[in-house]
Amino acid sequence: MQVPSEDHVILEAAEDGRPKHVGWFRFFFDGERWEWSPEVELMHGYPPGTASPTTELVLSHKHPDDYQHVAATLDDVRRHHQAFSTRHRIIDTAGRIHHVIVVADKVADAGGEIVGTHGFYVDVTPAEDHHQERMTATIAEIAENRATIEQAKGMLMIVYGIDAEAA
């Protein structure tokens, strides 16, 4: 399925028809037990069914610049048993950086006690890459037009006898 707007993530379907840029996870406080879908496993670079997620494994894939923020968020979730959302980067087993949005809600047991969180990873790397490409193109266009602007400034300075700032 493709979303028509260029500002949205394109959700490409995997062979089984599920979007490959979205996957689910569960985190249970007791024993810090994790579960994740094949899509989230793939985002981290593991073939489906080959990795057993743990807190250490999940955190080991966080981009160094995002690690502290994500670790602090996870610590808050464990202490306060709350829902959360983050936007950060993960590094897969091949060294590729994925920009992800993670959104989670609380999981309650039959008695209403909050026992964990569950939610989704959304890999927004294609949209982030598109945004970076647009920014690069815009900067290149500005740089390309800079010479013309400087020439016009020079002409104004000569014709009107003004300094560069005034031009």
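As shown above, the structure is provided for reference.
Please read all numbers here as calculations on a predicted model, not as lab measurements.

Reading guide: rules and limits
Residues numbered from 1 in each chain as written. Predicted model: local features only at pLDDT ≥ 70, side-chain atom pairs only at ≥ 80, totals over all residues. Heavy atoms only, no water. Helix = DSSP H or I, 4+ residues; strand = E, 2+ residues; numbered from the N terminus. Buried < 20%, exposed > 50% of the residue type's maximum accessible area, 1.4 Å probe, protein only. Contact = heavy atoms within 4.5 Å. Areas by Shrake-Rupley, 256 points an atom, 1.4 Å probe, with all protein chains shown as cover. Phe/Tyr/Trp six-rings, centres within 6.5 Å; stacked < 30°, edge-to-face > 60°. Salt bridge = Lys/Arg side-chain N within 4 Å of Asp/Glu carboxyl O. Core = buried A, V, L, I, M, F, W, Y, C linked by side-chain atoms within 4.5 Å. Pairing = 2+ DSSP bridges.

Draft legend 1. Representation of the overall build of the chain. Across its full length, the chain holds four helices and five strands. Reading the secondary structure of the chain in the N-to-C direction produces β-β-α-α-α-β-β-β-α. Within the chain, the proportion of its 167 residues that are buried is 31%. Considering only intrachain contacts with a sequence separation of at least 6, the fraction spanning at least 24 residues in the chain is 39%. Of the roughly 10500 Å² of accessible surface on the chain, a fraction of 56% belongs to carbon and sulfur atoms.

Draft legend 2. Spatial organisation of the packing of aromatic side chains. On inspection of all chains with the given rule, the structure shows six aromatic pairs. Each ring, one from Phe25 and one from Tyr121, has its centre 5.6 Å from the other, and the planes form 85°; the classification is edge-to-face. On the criterion of sequence distance, the pair formed by Phe25 in strand 1 (residues 22–28) and Tyr121 in strand 5 (residues 114–123) is long-range, its members being 96 residues apart. Among the residues examined, Phe25 registers a relative accessible area of 2% and is labelled buried. Each ring, one from Phe27 and one from Trp34, has its centre 4.4 Å from the other, and the planes form 35°; the classification is tilted. A residue is classified by how much of its surface remains accessible, and Phe27, at 1% relative accessible area, is buried.

Draft legend 3. Representation of the pattern of salt bridges in the model. Here the structure, examined in full by the defined rule, presents eight salt bridges. Put simply, Glu32 and Arg78 hold a salt bridge, and the shortest N to O gap is 3.3 Å. Of this pair, Glu32 sits in the loop between strand 1 and strand 2 (33–36) while Arg78 sits in helix 3 (residues 67–80), placing them 46 residues apart in sequence. Taking relative accessible area as the criterion, Arg78 reaches 25% and is therefore assigned partly exposed. A salt bridge links Arg78 to Asp75, with the shortest nitrogen-to-oxygen separation between them at 3.8 Å. Pair noted here: Arg78 and Asp75 are both in helix 3, with a separation of three residues, about one helical turn. For Asp75, a relative accessible area of 31% gives the class partly exposed. Ionic contacts of the salt-bridge type, sharing partners, join the residues Glu32, Asp75, Asp76, Arg78 and Arg79 into one network.

Draft legend 4. Seen up close, the nonpolar core. Ranked by size, the top nonpolar core spans 22 residues in total, and within it Phe25, Trp34, Trp36, Phe84, Val100, Val102 and Tyr121 carry the most contacts. Counting only elements with at least two residues in this core, the list comes to strand 1, strand 2, helix 1 (38–43), helix 2 (55–60), helix 3, strand 3 (84–91) and strand 4 (97–108). It is helix 3 that provides the largest number of residues to this core, a total of four residues. Setting aside residues no more than four positions away along its own chain, Tyr121 makes contact with His21, Val22, Gly23, Phe25, Val40, Met43, His44, Val58, Lys62, Val100, Ile101 and Val102.

Draft legend 5. Spotlight on the pairing of strand 4. Sheet topology note: the strand 3/strand 4 ladder contains eight bridges and is antiparallel. Paired with Arg89 across the two strands is His99, which belongs to strand 4. Bridge analysis of strand 4 against strand 5 gives nine bridges, and the strand direction is antiparallel. By the bridge assignment, Ala108 is partnered in strand 5 with Ile114.

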